[in-house]
Amino acid sequence: MATERENSDAEITVTLSDEEDNDVFIDSTSDEEDLWCLSSDESVDYHDDTDDVDYQPPTATTSARLRRDATRHSSTTVLQKEPLTSSPVPSSAIKRKKTVQKSAHKKRHMFESKERWRCKEESDINPKPPPFTPARTPGPTFDTSVQWSPLALFQLFFSTSVVRTIIDNTNANAEKKQAKAKTFRWKLLTEPEFYVFIAVVIFTGIVKVPDRDDYWTKRWPYNFSFPRNAMSRDRFEAILWSLHLSDPKNNNKKESRKGIRLHDRLFKIKPLYTDIVSACKANFQPHKNISINQTVVPSAQITAKQRRTKGKASALGFKLLILADSLTAYRWNFFVCSEKTVSSTIGQGLRDRTIMDIVDPSRLGGGYRLFVNNFYSSPTLFRDLQKANIGCCGPIRKNQVGFPKTTENDLPAKAEKGDLRWLRKADLLFVKWMGPQKVTMCSSLHVACSGQTMKSKVKVNGGRQMKRITIPDAVQDYNRHKGGADLSGDYTVHHNTKKWYKTFFFHFVEIAVVNSFILHEELISLQNKPTMQKPLTEQVFRERLAASMLELDGKTTAPPTPASPTPSPPPAGGAEAAQVTCMPTFFQGNCRKYCKRCHALGMTRVKTKVYCRKCEVPLCLAQKKKLLSTLA
């Protein structure tokens, strides 16, 4: 009887406790998952599966006696850990469990084997795009009926409170430095002087010199009257050396929290960083197409927060994710990537959450079309955005989780230009296309191929000829709307500094200037008056912005600006306005506009310096035409 019980006890299996998954069964004979074991003596005869019908669980007393006997005759060490439960499970149940798992795995394999890459000739369903429901009307969100100067637009981002905070923190930091350095002399920084400092910074982006000291030198050819007459070099260097964005009194307390999990690594830029982001969101509503790209803020300081980005002009620096409007390139939101936020080695879920935070569907609205690069593309992210009524498109890497693994009817390695394969998996479209290079796309917005073409050089008879090849809709739209995030232009503001937070200050000034210029263009297009001036170029806008900042300082006189090409203002309202008649009036300066009458007759290239002061319409004033009298 004892031998029969030993044979039965050798095959005992246990279930997991309530703290773990109750559906998973663990065999006691497993080496990795053994909770308690019996002797490894070969004389032990294990229980036969055919006797499971008459199998009776042993009692707790019998099990304890068997364990003592097994310990006495065993040549191996017995685990002292007690089983989680005394209720054994027959081995036939384990076999049935494994059979079900194998069946489910076989069904998944059969389902994946049914997937097949399709050719461009095969038809695809056209997904229904979500309705476009922005939170606000796309475009500027402030009063567009009044005239906004470049300085007024800039102050939408650098408000009075923001400037006052930077001045107070800079003065506090200068006093702290003055206590340590006996030779350092500091005069309190004022608001007009701070705007002169920013004007010099903007000027350095327009005029490039080899060294910063050349802006104040008197030797030829660097003999500039500005900024030498507005601010001395020593004063500019003193302000730049003492510049501080956060409160220096709290630096020691926050620096001591380094290494702690909840430590804020960006606390030195947070006061200005959060204010600029809030202002960018508040003053503009993006149009339907938006894009997320990454840019690099170059820095000379080597810290753990720096990132290396391939394919950028400055590979070493601080990486920023920027959400921009594809139509106007307005920077609506941006995110500074630190060491513990976004990294290619961290899990995919963290990157998806970062993109969801940048998009901010509750603030943005629904129906938008988002375009991202292959570093942030994933089927999980696309489905999460689709639940928020935001479509997404972008190149994707083949090793992403959720990418189809089937190779049936796959795109050949040496496919011809214009050849493509597509596969629709649930609500996502995957496309492989051979263009100038092999491209893999994922989209929740597009049909596989609607017949669009592009010009490309194709090998023909040993040579190359320009021909039209097929291009997928996802690739066409991505190439059209992916831009709008890179700030590297001809007038970029940048100064080499060893303090990383000062590097971000120059970058925030650049974002404010660029967004102000974009708002200026939008205001001109919205007013749409025939006599209204054309939008300023970016260079002229920066020049006038710097000149307006110099006028805030009573001791500094702004350089002369050219005459405005706007027409003379009409008389004031009331009785004088009722007496205005149709009379020719000349535009101010050298401004010339297209004649409205000639344009209606088909002569679209005729310009004139004259306009009707009552109708405010540009018209030719010639002896033969007499267009003013005709319209009157």
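Residues numbered from 1 in each chain as written. Predicted model: local features only at pLDDT ≥ 70, side-chain atom pairs only at ≥ 80, totals over all residues. Heavy atoms only, no water.

Considering the overall build of the protein
Looking only at helices and strands, the protein has 18 helices and 22 strands in total. Here the protein holds 632 residues, and the buried ones make up 44% of them. Sequence-distant contacts in the protein: of pairs separated by 6 or more residues, those separated by 24 or more amount to 66%. Summed over its atoms, the accessible surface of the protein is roughly 35,000 Å², and 51% of this surface lies on carbon and sulfur atoms. (Helix = DSSP H or I, 4+ residues; strand = E, 2+ residues; numbered from the N terminus. Buried < 20%, exposed > 50% of the residue type's maximum accessible area, 1.4 Å probe, protein only. Contact = heavy atoms within 4.5 Å. Areas by Shrake-Rupley, 256 points an atom, 1.4 Å probe, with all protein chains shown as cover.)

What about the nonpolar core?
Ranked by internal contacts, the top residues of the largest apolar core, which has 102 residues, are Phe-158, Phe-197, Ile-269, Phe-334, Leu-370 and Phe-505. By residue number, the principal contributor to this core is helix H14 (residues 500-527), which donates 15 residues. Those residues in contact with Phe-505, other than ones at most four positions away along the chain, are Phe-158, Ile-166, Phe-194, Phe-197, Leu-243, Leu-245 and Leu-272. In this structure, Leu-420, Leu-445, Val-458 and Ala-474 belong to the second largest nonpolar core, which totals 17 residues. (Core = buried A, V, L, I, M, F, W, Y, C linked by side-chain atoms within 4.5 Å.)

What to know about the packing of aromatic side chains
Across all of its chains, the model carries 29 aromatic pairs by this definition. Plain terms: the ring middles of Phe-203 and Tyr-215 are 6.0 Å apart, the flat faces sit at 65° to each other, and that makes the pair edge-to-face. Taken together, the residues span a long stretch of sequence, with Phe-203 in helix H6 (residues 191-206) and Tyr-215 in the loop between H6 and helix H7 (233-242) at a distance of 12 residues. Here Phe-203 and Tyr-215 have matching classes, each one buried. Ring centres of Tyr-215 and Trp-216 lie 6.4 Å apart, and the angle between their planes is 85°; on these two criteria the pair is classed as edge-to-face. (Phe/Tyr/Trp six-rings, centres within 6.5 Å; stacked < 30°, edge-to-face > 60°.)

Quick look at the packing of H6 against helix H15 (residues 538-551)
At their nearest, the axes of H6 and H15 sit 8 Å apart, and the two run at 160° to each other. Considered as vectors, H6 and H15 are oriented roughly antiparallel to each other. Judged by the sense of rotation from one axis to the other, the crossing of H6 with H15 is left-handed. For the pair H6 and H15, contact is made by Tyr-195, Val-196, Ile-198, Ala-199, Ile-202 and Ile-206 and by Gln-539, Arg-542, Glu-543, Leu-545, Ala-546, Met-549 and Leu-550, respectively. (Axes fitted to C-alpha atoms, helices over the stretch in contact; angles between N-to-C directions. Parallel < 35°, antiparallel > 145°, perpendicular 65-115°, else oblique. Left-handed = near helix turned anticlockwise from the far one by under 90°.)

Focus on the pattern of salt bridges
Within this structure, the stated rule accounts for 16 salt bridges. Here Glu-122 ties to Arg-118 by a salt bridge, and the two come within 3.1 Å at their closest N and O atoms. For Glu-122, a relative accessible area of 26% gives the class partly exposed. Residue Asp-477 pairs with Arg-369 through a salt bridge whose shortest N-O separation is 2.8 Å. Pair noted here: Asp-477 is in helix H13 (residues 473-481) and Arg-369 is in strand S12 (residues 369-372), with a separation of 108 residues, a long-range link. Pair check on accessibility: Asp-477 and Arg-369 agree, each one buried. Taken together, the shared-partner salt bridges in this structure form one network comprising Arg-116, Arg-118 and Glu-122. (Salt bridge = Lys/Arg side-chain N within 4 Å of Asp/Glu carboxyl O.)

Observations regarding the confidence of the model for the protein
Per-residue pLDDT for the protein averages 75, and the proportion of residues at 70 or more is 67%. The secondary structure element of the protein with the lowest average pLDDT is strand S2 (residues 25-26), at 33, and the one with the highest is strand S6 (residues 284-285), at 96. This model gives residues 1-63 a pLDDT under 50, and the stretch forms 88 contacts once residues within four places in sequence are excluded. Across residues 73-86, confidence stays below pLDDT 50; counting only partners more than four residues off in sequence or on other chains, it has 25 contacts. (pLDDT = per-residue confidence, 0-100.)

Considering unusual backbone geometry
Peptide bonds are, in most cases, trans, and in most cases residues other than glycine have a negative phi. Trp-220 connects to Pro-221 through a cis peptide bond whose omega is 5°. Relative to the helices and strands, Pro-221 resides in the loop between H6 and H7. Across the junction of Phe-226 and Pro-227, the peptide omega takes the value 20°, indicating a cis bond. Mapping Pro-227 onto the fold places it in the loop between H6 and H7. You will see that Asp-360, though not glycine, has its phi angle at about 55°, which is positive.

Concerning the packing of helix H5 (residues 160-180) against H7
Where H5 contacts H7, the axes come no closer than 8 Å and their chain directions differ by 95°. Compared by their axis directions, H5 and H7 come out roughly perpendicular. Note on element contacts: H7 touches H5 through Ile-239, Trp-241 and Ser-242, opposite Thr-170, Asn-173, Ala-174 and Lys-177. Of the residues assigned to the contact of H5 with H7, the class counts are 3 nonpolar, 3 polar and 1 charged. (Nonpolar A, V, L, I, M, F, W, Y, C, P; charged D, E, K, R; others polar.)

Side note on the pairing of S12
Alternating positions in S12 separate into two faces, Arg-369 and Phe-371 on one and Leu-370 and Val-372 on the other, with burial throughout. Looking at chain direction, strand S7 (residues 289-298) and S12 are connected through 4 bridges and run parallel. Bridging across to S12, Ile-290 finds its partner in Leu-370. Note that the unit made of S12, helix H12 (residues 379-387) and strand S13 (residues 391-395) has a crossover that is right-handed. (Pairing = 2+ DSSP bridges. Right-handed = clockwise from strand over helix to strand, strands pointing away.)

Looking at the side chain of Asp-360
Of note, Asp-360 is situated in the loop between helix H10 (348-359) and helix H11 (361-364). At 3.0 Å, the side chain of Asp-360 forms a polar contact with the side chain of Ser-362. (Polar contact = N/O pair within 3.5 Å; in protein donor to acceptor, adjacent residues only side chain to side chain.)

Observations regarding H13
Here H13 has its buried residues at Asp-473, Ala-474, Val-475, Asp-477, Tyr-478 and His-481. Tucked inside the fold, the buried residues of H13 contact S7, S12, S13, strand S15 (428-434) and strand S16 (438-443).

Side note on the environment of Thr-440
Within the secondary structure, Thr-440 sits in strand S16. Separated by 18 residues in sequence, Thr-440 and Trp-422 place their C-alpha atoms 9.6 Å apart. The residues contacting Thr-440, other than those within four sequence positions of it, are Pro-395, Ile-396, Lys-398, Phe-403, Val-431 and Lys-432.

Focus: the state of the cysteines
Within the structure shown, the criterion is met by 0 disulfides. Free of any disulfide, Cys-442 has its nearest cysteine sulfur in Cys-392, 8.0 Å distant. (Disulfide = S-S within 2.5 Å.)

Considering the environment of Arg-185
Secondary-structure assignment places Arg-185 in the loop between H5 and H6. The exposure class of Arg-185 is exposed, given its relative accessible area of 61%. Sequence-wise, Arg-185 and Ala-174 are 11 residues apart; in three dimensions their C-alpha atoms are separated by 9.1 Å.

Remarks on the environment of Ile-125
Looking at where Ile-125 falls in the secondary structure, it is placed in the loop between strand S3 (118-119) and strand S4 (133-134). Given the relative accessible area of 56%, Ile-125 is considered exposed. With 322 residues separating them in the primary sequence, Ile-125 and Val-447 have C-alpha atoms 6.5 Å apart. In this view, Ile-125 contacts Arg-424 and Val-447; residues no more than four positions away in its chain are not counted.

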